[in-house]
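Spelled out, the chains give:
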Amino acid sequence: MEGCATVILLPSYPFAVSVIVISFNTCDLLRECLQSILAECDRLPQGVAAEILVVDNASADGSAEMVAREFSASATPVRIIRSDLNLGFGVANNLAFEVANSEFLVLLNSDAFFHPGALSLALEHMRANPAVGIGGGRLVGRDGAPQPSARSSPSIWLNILVLTGLSERFPHSRIFGAPDRTWANPLQPADVGWLTGAFLIVRREALVKAGLFDPVFFLYYEEVDLCRRAKAAGFRILYWPDVVVTHIGGESSRQFDSLNLSGHAGEVLLWRVRSTFLYYRKHHGWQARLVLWLELTVYWLARLRSSRSRNPVRRQAGEDAAVQMRLLRQAWRETKGGRISPPSPW
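Residues numbered from 1 in each chain as written. Predicted model: local features only at pLDDT ≥ 70, side-chain atom pairs only at ≥ 80, totals over all residues. Heavy atoms only, no water.

Novice: An account of the nonpolar core is needed here, citing residue identities and associated values.
Specialist: Residues Phe97, Ile134, Leu195 and Phe277 are the most contacted members of the largest nonpolar core, which totals 57 residues. Sorting elements by how many residues they give to this core places helix H10 (residues 264-284) first, with nine residues. When sequence neighbours within four positions are dropped, the list of residues in contact with Ile134 reads Leu195, Leu200, Ile201, Val202, Leu226, Cys227, Ala230, Arg236, Ile237 and Leu238. Counting 41 residues, the second-largest nonpolar core is a separate cluster that includes Phe104, Val106, Trp240 and Ile248. (Core = buried A, V, L, I, M, F, W, Y, C linked by side-chain atoms within 4.5 Å. Buried < 20%, exposed > 50% of the residue type's maximum accessible area, 1.4 Å probe, protein only. Helix = DSSP H or I, 4+ residues; strand = E, 2+ residues; numbered from the N terminus. Contact = heavy atoms within 4.5 Å.)

Novice: Outline the pairing of strand S1 (residues 15-23), supporting the account with residue identities and numerical values.
Specialist: With nine of nine residues buried, S1 lies mostly within the body of the structure. The pairing of S1 with strand S4 (residues 102-108) spans five bridges and is classified as parallel. Paired with Val17 across the two strands is Phe104, which belongs to S4. Taking the sense of rotation as the criterion, the β-α-β connection linking S1, helix H1 (residues 27-43) and strand S2 (residues 50-57) turns out right-handed. (Pairing = 2+ DSSP bridges. Right-handed = clockwise from strand over helix to strand, strands pointing away.)

Novice: Explain the packing of aromatic side chains to me, using residue names and the numbers behind them.
Specialist: Counted under the stated rule, the structure contains nine aromatic pairs. On the numbers, 5.7 Å between centres and 65° between planes, the contact of Phe89 with Phe213 is edge-to-face. Of this pair, Phe89 sits in helix H3 (residues 88-99) while Phe213 sits in the loop between helix H7 (204-210) and helix H8 (222-232), and the two are 124 residues apart along the sequence. Classification of Phe89 by relative accessible area gives buried; the value is 13%. An angle of 90° between the planes, with centres 5.0 Å apart, marks the rings of Phe277 and Trp332 as edge-to-face. Separated by 55 residues along the polypeptide, Phe277 in helix H10 and Trp332 in helix H12 (residues 312-334) bring together distant segments of the chain. Residue Phe277 shares its accessibility class with Trp332, and that shared class is buried. Here a set of aromatic residues connected by ring pairs shows up, and it is made of Phe89, Phe97 and Phe213. (Phe/Tyr/Trp six-rings, centres within 6.5 Å; stacked < 30°, edge-to-face > 60°.)

Shown next, in the form of structure tokens:
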């Protein structure tokens with residue numbers, strides 16, 4: 001498995017923070033995102049300078065052209081980095097890490113938007129807590145509904161809680177609600193296992209010691225892996241509830257549970273399973289196979305339970321379970337049991 005690259009320290013930093021946005025066919029959302037960032041840059045304390053780096057993953061909707069046309073004259077510099085193919089989340093961010101000229105690097109999804117003061121607060125927290133390598137904030141939907149923002153490090157036990165539905169059925173239990181920390185007060189800061197990549201603030205020193213995103217992860221688990229390596233390098237991973245970010249993607253992903261697993265929903269599931277196997281093989285060895293058996297067993301039981309039902313909803317659930325079993329086996333073959341990453345783009 002490929003190792004992680006090492007970022008080169010620059011002798012000085014003309015900017016306090018670099019805000020990095022990865023773009024892939026989200027032109028209108030990207031425009032709104034950049035407007036949100038520029039408004040936050042205007043709110044930064046006097047003397048605190050920022051830059052914005054947009055990495056376009058071969059968008060076909062004119063995203064890169066829109067950035068060059070509408071934001072080239074912004075008071076805060078906006079640079080566009082164009083890729084000829086979709087590099088995925090981690091590798092695209094690595095491109096920006098290599099050219100960023102700042103001590104702190106902020107990762108923001110193109111479908112995410114700062115609440116007023118969020119960027120200044122994130123910088124303030126990082127400067128006040130030098131032991132923190134990666135920080136995150138409280139994610140909410142357009143409607144203000146909370147989204148999972150800070151999670152526990154993955155394990156077989158937590159997978160069982162999610163797959164069996166126990167974590168969803170008993171969200172306020174410290175035991176059963178552990179995967180997404182649903183038991184915790186979302187208004188309290190906390191040390192956590194990992195943070196959602198829709199918004200992250202990263203200390204450059206943490207990247208120097210832990211390495212950049214591992215390129216084997218095209219999508220999913222890249223931030224889990226980075227947080228794990230940053231903790232191993234001696235840094236804290238901290239969640240701050242007063243740093244609030246609206247994230248649209250978290251809303252749309254909720255719909256996958258009710259969709260027939262064909263087309264994009266099935267593709268997303270395949271990506272998730274590939275990355276799951278890659279992560280477990282990298283950090284837990286033989287447990288990657290245990291994850292395969294566990295998920296196959298759960299979906300087999302779901303299919304068996306639904307096979308003779310006259311209820312159309314349950315019958316659809318059984319059909320989805322069959323598709324999930326097929327995608328699990330496909331992902332296992334394609335990654336050779338989590339040992340290799342399929343060629344990008346996935």
